[in-house]
Amino acid sequence: MEQLKRILLTGANGLLGQKTAEIFAKESDHELFLTDLAERAEEPRKFKYFPLDITNKEAVKEKVKELNPDIIINAAAYTNVDGCETERELSWRVNVDAVKNFIIASRYNSTKVIHVSTDYIFDGKTGNYDEQSRPSPKSFYGKEKLASENALISSGIEHAIIRTMIIYGNGKNVKRNFALWLIDMLGKNHTVTIVDDQYGQPTMVDDLGLALLRIVERNKKGIYHVSGSEYLNRYEFAIRLAEIFDFDKELIIPIKTTDLQQAADRPMNSSFITLKAETELGLKALNVTDGLYMLKHQLGM
Ligand SMILES: NC(=O)c1ccc[n+]([C@@H]2O[C@H](COP(=O)([O-])OP(=O)(O)OC[C@H]3O[C@@H](n4cnc5c(N)ncnc54)[C@H](OP(=O)(O)O)[C@@H]3O)[C@@H](O)[C@H]2O)c1
């Protein structure tokens, strides 16, 4: 029989955090403790919520001692990739030092840490990255996420890391991800300029929440690449979204990454080999069409 776990979920008000809490509540009986920076949970839920700044080492230690979780799932992060270039100290504290706080706190109770990382640890020159591919981050965000992975791997504590990319989906008061932003802009008949030279595999957040549940239930360790099953560029994604949501495709203008002058360099081609997650976690991730239809349904549109 499956053993029920006590799980501390950070970033519970974020896109992945909200979906993870929802999926665990629906599909399992594990006991979650939700936390984020804000005073309140985004929605009243089945689980208890309390505010916690994960960069506060003593507060993290205290909470882990008090709650005695079997697992910490870290869905919190400083996720503004361009912001990481300018806010280096703050973003390092959230993306790297906080993971070290979990490692220190976990030693008291032998807690397992499940962490979320990114395709931005790769340079995007070749694509087809598997879990053994050599990281070579181009941005400060990518360097931070790689440093957080390395801290976990060298810590000796039990851990799992999911690397993912271009997360989209719905949540209450979440930051606008690429799909929600497009729906907002195209829904108001605004023209959008979208790069047609950045390729990847957009990932519906529901698939990621399920991957986290499977890691918990199958007691998996190590690194897993989890992404949507379809590889395309951002412009193609926007066109597909316009088709599915019945927006005017003429509003979408293709441009090049160099036109954008973004602060952070991005990998241009970061496809994942997801065979390990498919075989060990039994995941069959959505393609873009199915993911967007699911999102449309969730939004009641
Ligand atoms: N979004 C993507 O496309 C993408 C791609 C690859 C990997 N990832 C990774 O996936 C994970 C989840 O991303 P997401 O899109 O769900 O992020 P998100 O919506 O930005 O959620 C992150 C949450 O962490 C919170 N947080 C920030 N600083 C904190 C602190 N010091 N203490 C406690 N909580 C803090 C944020 O609160 P505030 O909003 O108040 O700051 C937010 O609620 C992250 O590890 C991210 O790096 C994301």
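For clarity, every value in this text was computed on a predicted model and none was experimentally measured.

## Structural notes on the site of the ligand
Moving on, step 1. Contacts to the ligand come from 27 residues, most closely from Gly11, Gly14, Leu16, Ala76 and Ala77.
Moving on, step 2. Residue assignment for the shell around the ligand shows that the elements contributing at least two residues are α1 (15–27) and β5 (112–118).
Moving on, step 3. The leading source of residues in the shell around the ligand is α1, at three residues.
Moving on, step 4. Its residues placed into classes, the shell around the ligand shows 15 nonpolar, nine polar and three charged.

## Considerations on the packing of helix α8 (residues 234–245) against helix α11 (residues 288–298)
Moving on, step 1. Viewed as axis vectors pointing N to C, α8 and α11 meet at an angle of 45°, and their least axial separation amounts to 10 Å. Taken together, the axes of α8 and α11 lie oblique to each other. Crossing hand, α8 versus α11: right-handed. Counted together, Phe237, Arg240, Leu241, Ile244 and Phe245 of α8 and Val288, Thr289, Leu292, Tyr293 and Lys296 of α11 form the full contact between these two elements.

## Things to note about the sheet that holds strand β4 (residues 71–74)
Moving on, step 1. Taken in spatial order, the seven strands line up as β3-β2-β1-β4-β5-β6-β11 in an open sheet, and their pairing is parallel. Each of the sheet's edge strands pairs with one partner strand only, and the pair in question is β3 (48–51) and β11 (222–225). Each strand axis lies, on average, 20° off the axis of its neighbour in the sheet, ignoring direction.
Moving on, step 2. Of the strand pairs in this sheet, strand β2 (residues 31–36) and β3 are connected by four bridges, and their pairing is parallel. Opposite Thr35, over in β3, you have Phe50 as the bridge partner.
Moving on, step 3. Seen against the sheet, α1 touches β1 (6–10), β2, β4 and β5 and runs at an angle of roughly 165° to β2.

## Description of helix α4 (residues 88–109)
Moving on, step 1. When the terminal C-alpha atoms of α4 are compared, their 31 Å separation across 22 residues agrees well with the 32 Å that a helix rising 1.5 Å per residue should span.
Moving on, step 2. Of all the bends found along α4, the most pronounced is centred on Asp97 and spans about 35°.
Moving on, step 3. The elements touched by buried residues of α4 are α2 (57–67), β4, α3 (81–86), β5 and α5 (140–155).
Moving on, step 4. Just beyond α4, the residue with positive phi is Ser110, at close to 55°.

## Notes on the packing of helix α6 (residues 178–187) against α8
Moving on, step 1. Where α6 contacts α8, the axes come no closer than 11 Å and their chain directions differ by 60°. Considering their axes alone, α6 and α8 lie oblique with respect to each other. Taken as a pair, α6 and α8 cross one another with a handedness that is right-handed. The segment α6 lies against α8, with Ala179, Leu182, Ile183 and Leu186 engaging Ala238, Leu241, Ala242 and Phe245.

Quick notes on the rules
- Residues numbered from 1 in each chain as written.
- Predicted model: local features only at pLDDT ≥ 70, side-chain atom pairs only at ≥ 80, totals over all residues.
- Near = placed C-beta within 6 Å.
- Helix = DSSP H or I, 4+ residues; strand = E, 2+ residues; numbered from the N terminus.
- Nonpolar A, V, L, I, M, F, W, Y, C, P; charged D, E, K, R; others polar.
- Axes fitted to C-alpha atoms, helices over the stretch in contact; angles between N-to-C directions.
- Parallel < 35°, antiparallel > 145°, perpendicular 65-115°, else oblique.
- Left-handed = near helix turned anticlockwise from the far one by under 90°.
- Contact = placed C-beta atoms within 7 Å.
- Pairing = 2+ DSSP bridges.
- Expected span 1.5 Å × (residues − 1).
- Bend = angle between axes of the 7 residues up to and from the residue.

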